[in-house]
Amino acid sequence: HEKCMRVIPEIDTPGHAVSMIAAYPFLSCFNRKLAVATSWGVKHDVLCVGKESTFDFMEGVFDELCEVFTDGVIHLGGDETPTTRWKICPHCQKRMKDEGLKDESELHTYYLQRLSAYLEKKGIEARMWNDRKKERMVASSVAWQLWNGDMNENEAAEEINKGRKFIISDVNHYYLDLPYGHVNLKSVYEYDPVFKGVKKENEKNIIGIEACLWTEFVPDIKKAHYCTYPRLGAISETAWTNKENRNYTRFCENLGTYYRLLHYFGIEGATVKEANPKGLRKLLSRVYWERRKLCWDGLHNIIDNYTVTKK
Ligand code: ACM
Ligand code: ZN
């Protein structure tokens, strides 16, 4: 607060948690001994939501985290969680039965609801990604972070109008790791995080935006700078300035000052031309990015899932 900043840590579970399982195999459904993932993508081994030990463990993690991060907000993650293991895990199935949950999607929500309630008791506000919250079991005080098409803008607007707080991180505008061929500077500048359907009196429920720089495909700081600037300048204006007061031509005219400031700090961003690629340049930028899909472990998952089922 001294520096007018709040630091919000995110411990992403029950998905995206292979490294936790690698260290503590009992956290997974079948006590699997896995290596820390070295490739990008959504993994099928997620935390077991049936075992009580998972909750004991997570509560311990949060107790310790609260000692380090004292700003009162913790992000629980909660995105991209396949239910492959839960469907065949006796602990998870028992939990669903005991709690009267109708499917694994509700089990996912049960997990997030329980952890956010634990944080609330400690006076900590929980945040989570928007994935699979349609059951509306998560307390209305928990802010959701909107990133993908799992919930479209109409559905989000409906929730916002009902009073839920949102943070906007639209993948097609605010993901800095996506290539300029996919998310160009102009489209970012012209995006309105206060989208159609949000009533004027409820705009305050959009409490902010977050630009994400995921680094699986950002090998060094030079690439990080290239992806981030000048796009972050455009993103900042979408957050600070109402749409009617924004003007892309004016923004570009003022970029000289922005680049001078960046250069002063030794930062080499993309040029405006590079940030708005056209034709072949745009195509190549997208092809280069789409090659990431080769790392999605499709075949590996099929074989691995078969091994688990056969146990
Ligand atoms: C996300 O990109 N899975 C939040
Ligand atoms: Zn399980």
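One can find the structure itself at the top, above this paragraph.
Residues numbered from 1 in each chain as written. Chains lettered and ligands numbered in written order. Predicted model: local features only at pLDDT ≥ 70, side-chain atom pairs only at ≥ 80, totals over all residues. Heavy atoms only, no water.

Undergrad: It is not clear to me how a nonpolar patch on the surface should be interpreted in this structure. Could you clarify?
TA: Taken together, the side chains of Leu280, Leu283, Leu284 and Val287 make up a nonpolar region of the molecular surface, amounting to roughly 410 Å² of accessible area. Here leucine 284 lies in helix H14 (residues 279–290). (Patch = residues over 30% accessible without salt bridge, like charges linked within 9 Å, V, L, I, M, F, W, Y side chains within 5 Å. Areas by Shrake-Rupley, 256 points an atom, 1.4 Å probe, with all protein chains shown as cover. Salt bridge = Lys/Arg side-chain N within 4 Å of Asp/Glu carboxyl O. Helix = DSSP H or I, 4+ residues; strand = E, 2+ residues; numbered from the N terminus.)

Undergrad: What am I meant to see in the side chain of arginine 95 here?
TA: Within the fold, arginine 95 resides in helix H4 (residues 90–99). Residues contacting arginine 95, with those up to four places away along its chain left out, are Val49, Gly50, Lys51, Glu52, Phe55, Leu101, Leu107, Tyr110 and Arg114. (Contact = heavy atoms within 4.5 Å.)

Undergrad: Teacher, can you tell me more about the sheet that holds strand S1 (residues 10–13) here?
TA: Paired through their backbone hydrogen bonds, the strands of a sheet run either parallel or antiparallel. Ordered by their spatial adjacency, six strands build an open sheet running S1-S2-S3-S4-S5-S6, and the pairing between neighbours is parallel. In this open sheet, the two edge strands, each paired with only one partner strand, are S1 and strand S6 (206–209). Averaged over all pairs of adjacent strands, the angle between strand axes in this sheet comes to 25°, irrespective of strand direction. Bridge count between strand S3 (residues 125–129) and strand S4 (residues 143–146): three bridges; the pairing is parallel. Looking at the pairing, arginine 127 lines up with alanine 143 of S4. Packed on one face of the sheet, helix H6 (residues 153–162) meets S4, strand S5 (166–168) and S6 and runs near 145° to S5. (Pairing = 2+ DSSP bridges. Axes fitted to C-alpha atoms, helices over the stretch in contact; angles between N-to-C directions.)

Undergrad: Which parts of the structure should I look at to understand the coordination of the zinc ion (ligand 2)?
TA: The protein atoms that coordinate the zinc ion (ligand 2) are Cys29 (SG), Cys48 (SG), Cys89 (SG) and Cys92 (SG), at distances of 2.3 to 2.4 Å. Around the zinc ion (ligand 2), the four donor atoms sit at angles spanning 104 to 114°, and that spread fits a shape best called tetrahedral. When the donors of the zinc ion (ligand 2) are listed by position in the chain, the intervening gaps give C-x18-C-x40-C-x2-C. You can see cysteine 29 sitting in the loop between helix H1 (18–23) and helix H2 (52–68) and its partner cysteine 48 sitting in the loop between H1 and H2, a full 19 residues away along the chain. Of the two residues examined, cysteine 29 and cysteine 48, each falls in the buried class. (Donors = N, O, S within 2.8 Å, 3.2 Å for Na, K, Ca; no water. Tetrahedral: all angles 85-135°; square planar, octahedral: opposite > 155°, others 65-115°. Buried < 20%, exposed > 50% of the residue type's maximum accessible area, 1.4 Å probe, protein only.)

Undergrad: What's the story with the packing of aromatic side chains in this structure? I'm lost.
TA: The geometry of an aromatic ring pair comes down to the distance between the two centres and the angle between the two planes. Taken as a whole, this structure holds 19 aromatic pairs when the rule is applied. Each ring, one from tyrosine 180 and one from tyrosine 226, has its centre 5.8 Å from the other, and the planes form 85°; the classification is edge-to-face. In this pair, tyrosine 180 is assigned in the loop between helix H7 (171–174) and helix H8 (185–190) and tyrosine 226 in helix H9 (residues 221–228), connecting sequence segments 46 residues apart. Arranged with centres 4.7 Å apart and planes meeting at 35°, the rings of tyrosine 189 and phenylalanine 251 form a pair that is tilted. Pair noted here: tyrosine 189 is in helix H8 and phenylalanine 251 is in helix H11 (residues 248–253), with a separation of 62 residues, a long-range link. Exposure remark for tyrosine 189: the relative accessible area of 1% places this residue in the buried category. These aromatic residues form a ring-pair network of at least three members: Trp129, Trp147, Tyr175 and Trp214. Cation over ring: arginine 114 sits above phenylalanine 55, and NZ or CZ is 3.8 Å from the ring centre. Residue placement shows arginine 231 over the ring face of tyrosine 180; its charged tip is 4.0 Å from the ring centre. (Phe/Tyr/Trp six-rings, centres within 6.5 Å; stacked < 30°, edge-to-face > 60°. Lys NZ or Arg CZ within 6 Å of the ring centre and 35° of its normal.)

Undergrad: Just checking my understanding: could you explain the pattern of salt bridges for this structure?
TA: Taken as a whole, this structure holds 16 salt bridges when the rule is applied. Here arginine 32 ties to aspartate 45 by a salt bridge, and the two come within 2.7 Å at their closest N and O atoms. Of the two residues, arginine 32 is situated in the loop between H1 and H2 and aspartate 45 in the loop between H1 and H2; the sequence distance between them amounts to 13 residues. According to the relative accessible area criterion, aspartate 45 is buried, its value standing at 7%. The partner of glutamate 159 in a salt bridge is arginine 164, and the shortest N-O contact between them spans 4.0 Å. When its relative accessible area of 6% is taken as the criterion, arginine 164 is described as buried. Several salt bridges share partner residues, and in doing so they unite Arg32, Asp45, Arg85 and Asp304 into one network.

Undergrad: Just checking my understanding: could you explain the packing of H2 against helix H5 (residues 104–121) for this structure?
TA: Describing two packed helices takes the angle between their axes plus the distance from one axis to the other. It is the contact of H2 with H5, at a shortest axis distance of 11 Å, that shows an interaxial angle of 40°. The angle between H2 and H5 falls in the class oblique. When the axes of H2 and H5 are compared, the crossing they make is right-handed. Listed contacts from H5 to Glu52, Thr54, Phe55, Met58, Glu59, Phe62 and Asp63 of H2 are Tyr110, Tyr111, Arg114, Leu115, Tyr118 and Leu119. (Parallel < 35°, antiparallel > 145°, perpendicular 65-115°, else oblique. Left-handed = near helix turned anticlockwise from the far one by under 90°.)

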